[in-house]
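One letter stands for each residue in the lines below.
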Amino acid sequence: MRGTLLYLLLSLFATGLASAETVRLTNGEWPPYLGEQLPHNGVVSRIITEAFALQGITVEWEFYPWARALQMAQRGTRNGTAAWLFSREREVIFFISDSLIESGHHLFHRKNYSFDWQQFSDLHGHRFAGTRGYEYGEAFQQAEAQGQLRVNRVTSDETGFRQLLAGRVDLFPIDKVVGFDMLYQNFTAAERAQLSFHPKPLRSEHLHLLMSRAVPGNAELMARFNQGLAQLRESGKISQYLLDIQQPLSLSP
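Structure report, in brief. Every value quoted in this text rests on a predicted model; they were computed, and no experiment measured them.

Some remarks on unusual backbone geometry
And step 1. For the bond running from Pro31 to Pro32, omega is 0°, close enough to zero to count as cis.
And step 2. When you line up the elements, Pro32 lands in the loop between strand S1 (22-27) and helix H2 (43-53).
And step 3. Following Ala82, the chain continues into Ala83 via a peptide bond in cis, with omega recorded as -10°.
And step 4. The residue Ala83 is located in strand S3 (residues 80-85) in this model.
And step 5. A positive phi is found at Asn41, a non-glycine position, where the angle reads about 65°.

What about the environment of Leu165?
And step 1. Considering the arrangement of structural elements, one finds Leu165 in helix H6 (residues 157-166).
And step 2. Each C-alpha atom, one on Leu165 and one on His109, is 8.4 Å from the other, the two residues being 56 residues apart in sequence.
And step 3. In this structure, Leu165 is in contact with Arg110, Phe187, Glu191, Gln194 and Leu195, ignoring residues within four places of it in sequence.

Side note on the layout of surface pockets
And step 1. Computed from the structure, the largest pocket encloses a volume of approximately 700 Å³.
And step 2. Lining the largest pocket are 20 residues, and of these Trp84, Leu85, Arg90, Glu135 and Arg203 lie nearest its centre.
And step 3. Counting residues per element, the ones that place at least two in the lining of the largest pocket are helix H3 (66-75), S3, strand S5 (101-110), helix H5 (138-145) and strand S10 (203-212).

With respect to the side chain of Asp170
And step 1. Residue position: Asp170 is located in the loop between H6 and strand S8 (172-175).
And step 2. For Asp170, a relative accessible area of 5% translates into the label buried.
And step 3. Within polar-contact distance, the side chain of Asp170 engages the side chain of Tyr113 at 3.4 Å.
And step 4. Aside from chain neighbours lying at most four places away, what touches Asp170 is Phe108, His109, Arg110, Tyr113, His126, Arg127 and Leu164.

Focus on the pattern of salt bridges
And step 1. For the coordinates displayed, the defined rule picks out 11 salt bridges.
And step 2. Between Arg127 and Asp170 there is a salt bridge, with its nearest N and O atoms 2.9 Å apart. Of the two residues, Arg127 sits in strand S6 (residues 127-131) while Asp170 sits in the loop between H6 and S8, which places them 43 residues apart along the sequence.
And step 3. By relative accessible area, Arg127 is classed as partly exposed at 28%.

Looking at the packing of aromatic side chains
How two aromatic rings sit relative to each other is set out by the distance from centre to centre and by the angle between their planes.
And step 1. Going through the model one piece at a time under the given rule, you end up with 11 aromatic pairs.
And step 2. Their ring planes at 85° and their centres at 5.4 Å tell us that Phe108 and Phe161 sit as a pair that is edge-to-face. Separated by 53 residues along the polypeptide, Phe108 in strand S5 and Phe161 in helix H6 bring together distant segments of the chain. Here Phe108 and Phe161 have matching classes, each one buried.
And step 3. Note that Arg162 overlies the ring of Phe187, its terminal NZ or CZ placed 3.9 Å from the centroid.
And step 4. One residue, Lys200, lies across the ring of Trp117, its end atom 5.0 Å from the ring centre.

Cut-off values and rules
Residues numbered from 1 in each chain as written. Predicted model: local features only at pLDDT ≥ 70, side-chain atom pairs only at ≥ 80, totals over all residues. Heavy atoms only, no water. Helix = DSSP H or I, 4+ residues; strand = E, 2+ residues; numbered from the N terminus. Contact = heavy atoms within 4.5 Å. 1 Å grid on protein atoms, 1.4 Å probe; cavity = no way out; pocket = protein on both sides within 12 Å on 5 of 7 lines; lining within 4 Å. Points joined across faces, edges and corners; volume = space filled by probe spheres on them. Buried < 20%, exposed > 50% of the residue type's maximum accessible area, 1.4 Å probe, protein only. Polar contact = N/O pair within 3.5 Å; in protein donor to acceptor, adjacent residues only side chain to side chain. Salt bridge = Lys/Arg side-chain N within 4 Å of Asp/Glu carboxyl O. Phe/Tyr/Trp six-rings, centres within 6.5 Å; stacked < 30°, edge-to-face > 60°. Lys NZ or Arg CZ within 6 Å of the ring centre and 35° of its normal.

Laid out in structure tokens, this is it:
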């Protein structure tokens, strides 16, 4: 009897340790970076999973619409969420990781549309598509709100590209890698051949893992994650993973 009781206690203790070494994170759909059906759940999910694994921590991913994914992490019903831009408002609610990757939004346009820009005022007078709920930088948001930019907000990035091809808008901002992936997944070679992008990014910002300050132990988990992330970056794997998703996705400017 004593042996059985000891075994049960040890089993419960081991189970407690195992659960303490698992983090539950919310995620959303943003191929090729993030996606439930993508290999490794997307390259950013892979980076997060492997960085935690280097610290002996297992990740359980749950995929939701973006607003719900953020809300669940904010309330502390999950450890955290990936992947998001830094903001002072988020820093109050979350521990924010070191940079996962840099996301560069570029302005796509038709090749037969003569376009160049060096400063923000050069963008006035052009017709834009913009995806609903997306932000394209403080200057863009302010100019849109003040009516200085004509922005047709659409329901999806694919619709933005469709409007661009149809000539209903002149410019469409999107993360370059995400844009390439969408064009190759959802558009024909003839359609892709009509498009180009400006080499100057509209915005370039880093994406981060957010860990809720409402969850006990998250401060330590974030510190360990950042250590694992540094190890993974030093190994060269992050650069290789990012290169792997970009090699087949080329579009001549």
